[in-house]
Amino acid sequence: MNTHNTTNKKSTTQSPSEPVDIETLKALSRKGRWLVMSTVAASKAGHIGGPLSAMDMFVALYFRQLNIDPEHPDDPHRDRFILSKGHNAIGLYSVLAMRGYFPIEELKTFDHGDSRLQGHPDMLKTPGIDISSGSLGQGLSVGIGMALGAKKLGKSFHTWVMLGDGECQEGMVWEAILSAPRFKLDNLTAIIDLNGLELYGWEAGPNDRFDRGEPLGHVDLPSVFHGFGWNVIEIDGNDFTSILGGFDKAMANRGSGKPSIILAKTTKGAGVSFTSGTYKWHNGVATPEQLAIARDELKQGEEDKSAISTREGEQS
Amino acid sequence: MTSMRQAWGETLVELGRDNDKLTVVDADLAPSTKATLFESAYPQRFIQAGIAEQNAVGMAAGLASLGFIPWLSSFGVFFTQRSLDQIRMLVSQTHMNVKFGGAYSGLLNGSSGKTHEDVEDIAIMRAMPNMTVLSPADAEETKAAVRWATGYDMPVYLRLSRDDAGDLPEAGNDDGFAIGQPKVLRKASDMASSKTSINSDSTSTYGSVVLISTGAQSIRTLESADLLASAGLQTTVIHLPSIKPLDETAILEAIGDARYVFTVEEHSIYGGIGGLVSEIVAGRPRSAQPGVHGSATADAMAPQVVRIGLNDEWTQCGPNDFLLDRYGLSAQRVAQKVEETVGIA
């Protein structure tokens, strides 16, 4: 299970210097979503909703934004990315694999014993993971340490942190939000994936309850972050034009003395009809029939059909 | 004489001269922890994280990922309890090179009371994989521990007492700070004579009493041993500057054929060095049992471990002398407990 096909090392022809157009980004997102769906189905465990809501931003980061080199994942000058919402690991792994950090084939080992691809990101095991995560609320503080350290070392790399909106219920997040502007970290950008749903979901309608609802739905987030001293950028996190525009604004903010927060409105489970917009696919395992629907919607080809059957065979 | 926290701050200043990666991340307690000494010397490498210990630990992990060597500055209790999950996730699981200056360890914290008493930290931190736990007794040993920890590329938790408890006599130990090694401060056999041994009627050598302690308590434990000697009981005194790792064979050798082992600590009796020594004694390989190898009486020869520390209760504020007496950790109270247990009271 754990053997690697090293000939698959370069799984994409993209190199950091080549610009990737939006149509290509969309295709990569579809493939990434398919890798999430099929890998979780094969491993019979993992998260779906969050990785799919964030997939377009993962792809935009790794194929357009981050200054990285998969051949040298520990390059000290690389941009840093922190997945604070660590349960979205399979979304990140899918993009790291497509970007060439490890073979796409290795996704088959996700969440298996002795795998490099643990259920939550482990920096000691997986190339391309800058910090382990999985206990929610901790990533932004690490990003502050990295961004502050970069300033002290005179390094120009940028640090990106992705948080979930549900995760922002953790108190430590607000310690970090309070502290980053004090250190004038304009080399730090936080992204909140505002998909509005968490594990404990609700059904709108007569049975709706006052204590259920979007994790941050009652918060005037732009005002809050302005008030805390952040540069606030609002985007549609499932639209590449909006995402790339938001990233550009964050980079243009360097030199301002303020960290940037990207408030990214997304749809949980985006890209696949039956997972989209429901808490019920926070995690879950697709049936072969559901996988077939997802594969068609994500426009995945025959090669991927065989991948499904291979994985199903291994599981039985 | 110098307090441990003062020695910590002074040593960081000394080490910072030749190591520009050495950094202090404070959680608003630098004047108390003496991290201000480092701030004065290297203001650019002093980071004030404010009253946000969890964020401070996260920042330290981020800095360590870039090659910095961050020493965190706060009271130990706020790290080990408020930031426990952050230490576990971002430092221990990641092998980050982060050091914790856990100031105000133990019971004696300047009358702040139970909210600030750091009396569960050994139990918590020794359960943490990859975590080294050091608990020096005095300023000199603290300096050696800080030097060792700074040069060690893994997480370290260092317990530091608030007040100067005195200087630990080296008792022939001139090895400074040897990681993992217990220090035998006094051997009963060096001092005992047949007329003073309470077990002189015994046909075996079983009967000696060993006192084991850590941190600043070790100095008071030596005082307890003096009191016991005056009452006619010679004891072996062992100090543990390194709680984890700990050379278990060396501990067993030092305990030898003792009938009684008393552990004495400014810590809960649950999970501290009392628990640690009990685990070691209980886990002693049968073939390595000293004395009557293979004898049916071997089990009976295992020492009784008596844990002296804080019992299952929350304490209170008060002057050091009051607290030590009230909670059974003064030299007199410890000696009294030993006498009662071995039957010479």
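Participant: Would you explain the overall build of chain B in this entry?
Facilitator: Summing up its helical and strand segments, chain B has 14 helices and twelve strands in all. The long-range fraction of contacts in chain B, counting pairs at least 24 apart against all pairs at least 6 apart in sequence, stands at 78%. By element, 48% of the accessible surface of chain B is carried by carbon and sulfur atoms, the whole surface being about 12900 Å².

Participant: When you look at the overall build of chain A in this model, what are you seeing that I'm missing?
Facilitator: When its secondary structure is counted, chain A shows nine helices and five strands. Of the regular secondary structure in chain A, the N- to C-terminal order runs α-α-β-α-α-β-α-β-α-β-α-β-α-α. Taken across its 316 residues, chain A has 57% of its residues classed as buried. Taking the intrachain contacts of chain A between residues at least 6 apart in sequence as the baseline, contacts between residues at least 24 apart amount to 76%. Accessible surface, chain A: about 12500 Å² in total, of which carbon and sulfur atoms supply 49%.

Participant: Help me understand helix 12 (residues 273-282) of chain B in this model?
Facilitator: One turn of an α-helix holds 3.6 residues; hence residues three or four places apart share an orientation. Residue and element names in this part refer to chain B. With seven of ten residues buried, helix 12 is to be regarded as a mostly interior element. Among all positions of helix 12, only Ile273, Gly274, Gly275, Leu276, Val277, Ile280 and Val281 are buried. Next to the buried residues of helix 12 lie helix 7 (121-126), strand 8 (209-213), strand 10 (242-244), helix 11 (248-255), strand 11 (260-268) and strand 12 (304-310).

Participant: Help me understand helix 1 (residues 4-16) of chain B in this model?
Facilitator: All names here are of chain B. For helix 1, which comprises 13 residues, the first-to-last C-alpha distance of 18 Å matches the rise-based estimate of 18 Å (1.5 Å per residue) to within 8%. Here helix 1 lies mainly inside the structure; ten of its 13 residues are buried. Within the sequence span of helix 1, burial applies to Met4, Arg5, Ala7, Trp8, Gly9, Thr11, Leu12, Val13, Leu15 and Gly16.

Participant: Got a minute to help me understand the interface of chain A and chain B in this structure?
Facilitator: Frequently, the measure chosen for interface size is the accessible area removed from exposure when the parts meet. The partner chain B presents 25 residues to the 26 residues of chain A that form the contact. Summing both sides of the interface, chain A and chain B together bury roughly 2000 Å²; the carbon and sulfur share of this comes to 66%. Together, Gln138(A), Lys152(A) and Glu175(A) form the three largest contributors to the area buried by chain A at its contact with chain B, with a combined 25%. Counting across the interface, chain A meets chain B through zero salt bridges. Linking chain A to chain B there are nine residue pairs in polar contact (both at pLDDT 80 or more). Where the side of chain A that touches chain B is concerned, the elements lending two or more residues are helix 4 (139-153) and helix 5 (171-179) of chain A. For the side of chain A that touches chain B, the element with the highest residue contribution is helix 4 of chain A, accounting for ten residues. Here the side of chain A that touches chain B is built from residues that sort into 13 nonpolar, nine polar and four charged.

Participant: Any chance you could explain the confidence of the model for chain B here in plain terms?
Facilitator: Segments scoring low in pLDDT should not have their predicted coordinates read at a detailed level. Residue and element names in this part refer to chain B. Averaged over every residue, the pLDDT of chain B is 90; the share at 70 or more is 88%. A low-confidence stretch, residues 193-206 (pLDDT under 50), is modelled with 19 contacts involving residues beyond four sequence positions or located in other chains. For this predicted complex, the interface score ipTM comes out at 0.90, while the overall pTM is 0.91.

Participant: For this particular structure, what's the right way to read the side chain of Ser330(B)?
Facilitator: Locating Ser330(B) in the fold gives a position in the loop between helix 13 (320-326) and helix 14 (331-342). In this structure Ser330(B) touches Ser224(B), Leu324(B) and Asp325(B), once residues within four positions along its chain are discounted.

Participant: I tried to follow empty space enclosed by the protein on my own but got confused; where do I start?
Facilitator: Where empty space is left becomes clear once a probe the size of a water molecule has been rolled over the atoms. Residues and elements named next belong to chain B. Counted by the stated rule, this structure contains four cavities of 30 Å³ or more. Put simply, the largest cavity is a space of about 70 Å³. The wall of the largest cavity is formed by 13 residues, among which Ser105, Arg159, Ser161, Gly215 and Ala216 lie closest to the centre. Within the lining of the largest cavity, the residues separate by chemical class into four nonpolar, seven polar and two charged.

Participant: Could you clarify how one ought to interpret the sheet that holds strand 12 of chain B in this entry?
Facilitator: The strands making up a sheet associate through backbone hydrogen bonding, with each pair oriented either parallel or antiparallel. All names here are of chain B. The sheet built from five strands is open, its strands ordered 7-9-8-11-12 with mixed pairing. Single-partner strands in this sheet number two, and they are strand 7 (183-186) and strand 12. Going from strand to strand, the sheet's axes swing by 25° on average, the running direction of each strand aside.

Participant: Is there a simple way to explain the sheet that holds strand 3 (residues 69-75) of chain B in this structure?
Facilitator: All names here are of chain B. Taking strand neighbours across the sheet as the criterion, the seven strands line up as 2-1-3-4-6-5-10 in an open arrangement whose pairing is mixed. Looking at the sheet topology across the chains shown, the edges are occupied by strand 2 (46-48) and strand 10. Taken over all neighbouring pairs, the strand axes of this sheet differ in orientation by 20° on average, direction set aside. Bridge count between strand 1 (residues 22-26) and strand 3: five bridges; the pairing is parallel. Among the inter-strand pairings, Val25 is bridged to a residue of strand 3, identified as Leu72.

Participant: Before we go on, may I ask you to explain the pairing of strand 3 of chain B in this structure?
Facilitator: Both faces of the sheet carry side chains from a regular strand, because those side chains alternate between them. Residue and element names in this part refer to chain B. Of all seven residues that make up strand 3, seven are buried, and the element is covered over most of its length. One ladder, built from five bridges, connects strand 3 with strand 4 (residues 99-103); its direction is parallel. Bridge pairing links Ser74 to Gly102 in strand 4.

Participant: Teacher, can you tell me more about the packing of helix 1 of chain B against helix 8 (residues 139-150) of chain B here?
Facilitator: Each pair of packed helices can be summarised by the angle the axes make with each other and by the distance between the axes. Residues and elements named next belong to chain B. Direction vectors running N to C along helix 1 and helix 8 enclose 40°, while the axes themselves pass 8 Å from each other. In this view, helix 1 runs oblique relative to helix 8, as classed from their interaxial angle. Seen along the crossing, helix 1 lies across helix 8 with a hand that is right-handed. For the pair helix 1 and helix 8, contact is made by Met4, Ala7, Trp8, Glu10, Thr11, Leu12, Glu14 and Leu15 and by Ala139, Thr142, Lys143, Val146, Arg147 and Thr150, respectively. By residue class, the composition of the contact of helix 1 with helix 8 is seven nonpolar, three polar and four charged.

Participant: Which parts of the structure should I look at to understand the pattern of salt bridges?
Facilitator: Pairs can form between side chains of opposite charge whenever their charged atoms are close. Taken as a whole and assessed by the stated rule, the structure comprises 20 salt bridges over all chains. Of the charged contacts, one joins Arg33(A) and Asp56(A) as a salt bridge, the two residues approaching to 2.9 Å between their closest N and O atoms. In this pair, Arg33(A) is assigned in helix 1 (residues 22-43) and Asp56(A) in helix 2 (residues 49-65), connecting sequence segments 23 residues apart. Given a relative accessible area of 5%, Asp56(A) falls into the buried group. The salt bridge partner of Arg295(A) is Asp296(A), with a shortest N-O separation of 3.9 Å. Classification of Arg295(A) by relative accessible area gives buried; the value is 12%. Residues joined in a network through salt bridges with shared partners are Glu10(B), Glu140(B) and Lys143(B).

Basis of the calculations
Residues numbered from 1 in each chain as written. Chains lettered and ligands numbered in written order. Predicted model: local features only at pLDDT ≥ 70, side-chain atom pairs only at ≥ 80, totals over all residues. Heavy atoms only, no water. Helix = DSSP H or I, 4+ residues; strand = E, 2+ residues; numbered from the N terminus. Contact = heavy atoms within 4.5 Å. Areas by Shrake-Rupley, 256 points an atom, 1.4 Å probe, with all protein chains shown as cover. Buried < 20%, exposed > 50% of the residue type's maximum accessible area, 1.4 Å probe, protein only. Expected span 1.5 Å × (residues − 1). Buried area = accessible area lost by both parts, 1.4 Å probe. Salt bridge = Lys/Arg side-chain N within 4 Å of Asp/Glu carboxyl O. Polar contact = N/O pair within 3.5 Å; in protein donor to acceptor, adjacent residues only side chain to side chain. Nonpolar A, V, L, I, M, F, W, Y, C, P; charged D, E, K, R; others polar. pLDDT = per-residue confidence, 0-100. 1 Å grid on protein atoms, 1.4 Å probe; cavity = no way out; pocket = protein on both sides within 12 Å on 5 of 7 lines; lining within 4 Å. Points joined across faces, edges and corners; volume = space filled by probe spheres on them. Pairing = 2+ DSSP bridges. Axes fitted to C-alpha atoms, helices over the stretch in contact; angles between N-to-C directions. Parallel < 35°, antiparallel > 145°, perpendicular 65-115°, else oblique. Left-handed = near helix turned anticlockwise from the far one by under 90°.

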